[in-house]
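Chain by chain, the residues run as shown.
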Amino acid sequence: MSQGEIDRFPVNQLQARYGDLARSAVYDRMKGLGIKPTKVGNRAFINAQELQLMDEFHEFIQRGGSLAAFLDMRGMNQDNQVAAPDQNASGLVPSAADMVSLFTNFFERVQPPKALSYLEELERACRERWIISTSDLAKLLKVAPEKIRQYPQGFINGSFAFKPEGRLMNGETGWRVEKYHGGHLKF
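Residues numbered from 1 in each chain as written. Predicted model: local features only at pLDDT ≥ 70, side-chain atom pairs only at ≥ 80, totals over all residues. Heavy atoms only, no water.

J.: Which parts of the structure should I look at to understand the nonpolar core?
T.: Within soluble globular proteins, side chains that are nonpolar generally end up buried alongside one another. One finds V11, L14, M30, L33, I35, I46 and M54 to be the most contacted residues of the largest nonpolar core, which totals 19 residues. Put simply, the parts of the chain that give this core at least two residues each are α2 (23-33), β3 (43-46), α3 (48-62) and α4 (67-73). Considering each element in turn, this core owes the most residues, five residues, to α3. Counting residues in each nonpolar core, the second largest holds 14 residues, with L122, C126, I132 and L137 among its members. (Core = buried A, V, L, I, M, F, W, Y, C linked by side-chain atoms within 4.5 Å. Buried < 20%, exposed > 50% of the residue type's maximum accessible area, 1.4 Å probe, protein only. Helix = DSSP H or I, 4+ residues; strand = E, 2+ residues; numbered from the N terminus.)

Listed below in C-alpha cells is the structure:
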C-alpha cells in the first residue's frame, strides 16, 4: 500500500458507494464474500483488499452476475471464502508459518484481472444477449462514455459490433453486443 493510503474503509459508507444500496444488502454481500468487518469502537471497517473485492463484486453484479458466478470466477466457493485469520485452537495468535500459508492461499485465489478479461465479458454479454448501459460498456472498453455516445447508430470494435437498443431506466442508451466477422452490419 502506498504512503498516504488508508487501510480502513467505514462499512457505513458502502451503501452510498454502491448507489444507496440497502444496509442489509451490504452485509449480505460481505457475508457472501467472507468479509468480516473489524470493529473499532462503535464503527465497523473493512480493509483495502476487502474494499477492492467488494468493488469488483459490485461491478460484476451490475453486469448481471451473481454471487455464485463471482465466487466461481475467482476460484472461491461458499466454504472457501477469503476471511481474516482467527486464533488457533490453543488460543494463541497464528504462527508465522500459518500466516505465510494464509497469505499464499489468499493471493492464489485473488488474482488480478487478466489483460483480456474484458473480451470474456463481451463474449458472455453476446451469448446471454444482455443489453449493456453506455457507462458499463465504456468501462469494459476502457474509453470515456462520451466516446461511445459519438456513435448513436452503433459501432464496431475489434471482434464485436455494438448496436443501440433504446433507453434504459437510468436514462442511458442500452447496447446489444454481437460478434463481428467482417462484412457489413445494418445498424
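Having seen it, we continue.
J.: So what exactly am I meant to see when it comes to the sheet that holds β3 here?
T.: Each strand in a sheet pairs with another by means of backbone hydrogen bonds, the pair being arranged parallel or else antiparallel. Pairing within the open sheet is antiparallel, and its three strands lie in the order β1-β3-β2. Of all strands in the sheet, those with a lone pairing partner are β1 (9-10) and β2 (38-40), marking the two edges. (Pairing = 2+ DSSP bridges.)

J.: Got a minute to help me understand the pairing of strand β6 (residues 160-167) in this structure?
T.: Here is the key point about a regular strand: its side chains alternate between the two faces of the sheet. As defined by bridge partners, strand β5 (residues 155-157) adjoins β6 across three bridges and the pair is classed as antiparallel. By the bridge assignment, I156 is partnered in β6 with A161. As defined by bridge partners, β6 adjoins strand β7 (residues 173-179) across six bridges and the pair is classed as antiparallel. Within β7, the position partnered with F162 by the bridge is V177. Here β6 hands over to β7 after five residues, with G171 in that stretch at a positive phi of 90°.

J.: Please explain the side chain of S133 as it appears in this structure.
T.: Here S133 lies in strand β4 (residues 131-133). With relative accessibility at 7%, the residue S133 sits in the buried group. Reaching out from S133, the side chain makes a polar contact with the side chain of S135 at a distance of 3.3 Å. (Polar contact = N/O pair within 3.5 Å; in protein donor to acceptor, adjacent residues only side chain to side chain.)

J.: In this structure, what is going on with α3? I would like to understand it.
T.: A turn of α-helix holds 3.6 residues, and therefore any two residues three or four places apart point the same way. When the terminal C-alpha atoms of α3 are compared, their 21 Å separation across 15 residues agrees well with the 21 Å that a helix rising 1.5 Å per residue should span. Within α3 the residues assigned to the buried category are E50, L51, L53, M54, F57, H58 and F60. Structurally, the start of α3 carries an N-cap: the backbone nitrogen of Q49 is 3.0 Å from a side-chain oxygen of N47. A positive phi of about 100° marks G64, the residue just after α3. (Expected span 1.5 Å × (residues − 1).)

J.: Would you mind going over the sheet that holds β5 with me for this structure?
T.: Ordered in space as β4-β7-β6-β5, the four strands form an open sheet in which the pairing is antiparallel. Lying at the two open borders of the sheet, with one neighbouring strand each, are β4 and β5. Strand after strand, the sheet turns through a mean of 40° between neighbouring axes, direction not considered. Across the sheet, helix α6 (residues 117-128) lies against β4, β6 and β7, angled at about 95° from β7, the strand it touches most. Along the sheet, helix α7 (residues 134-141) makes contact with β4, β5, β6 and β7, crossing β4 at roughly 85°. (Axes fitted to C-alpha atoms, helices over the stretch in contact; angles between N-to-C directions. Contact = heavy atoms within 4.5 Å.)

J.: How should the pattern of salt bridges be read in this particular structure?
T.: A side chain of one charge can pair with a side chain of the opposite charge when the charged atoms of the two come close. Counted according to the given criterion, the structure contains seven salt bridges. Where D55 meets R17, a salt bridge forms, and the shortest distance between an N and an O atom there is 2.7 Å. Here the residue D55 occupies a position in helix α3, and R17 occupies one in helix α1 (residues 14-17), the gap between them amounting to 38 residues. The residue R127 makes a salt bridge to E128 at a minimum N-O spacing of 4.0 Å. A relative accessible area of 40% means that E128 is categorised as partly exposed. (Salt bridge = Lys/Arg side-chain N within 4 Å of Asp/Glu carboxyl O.)

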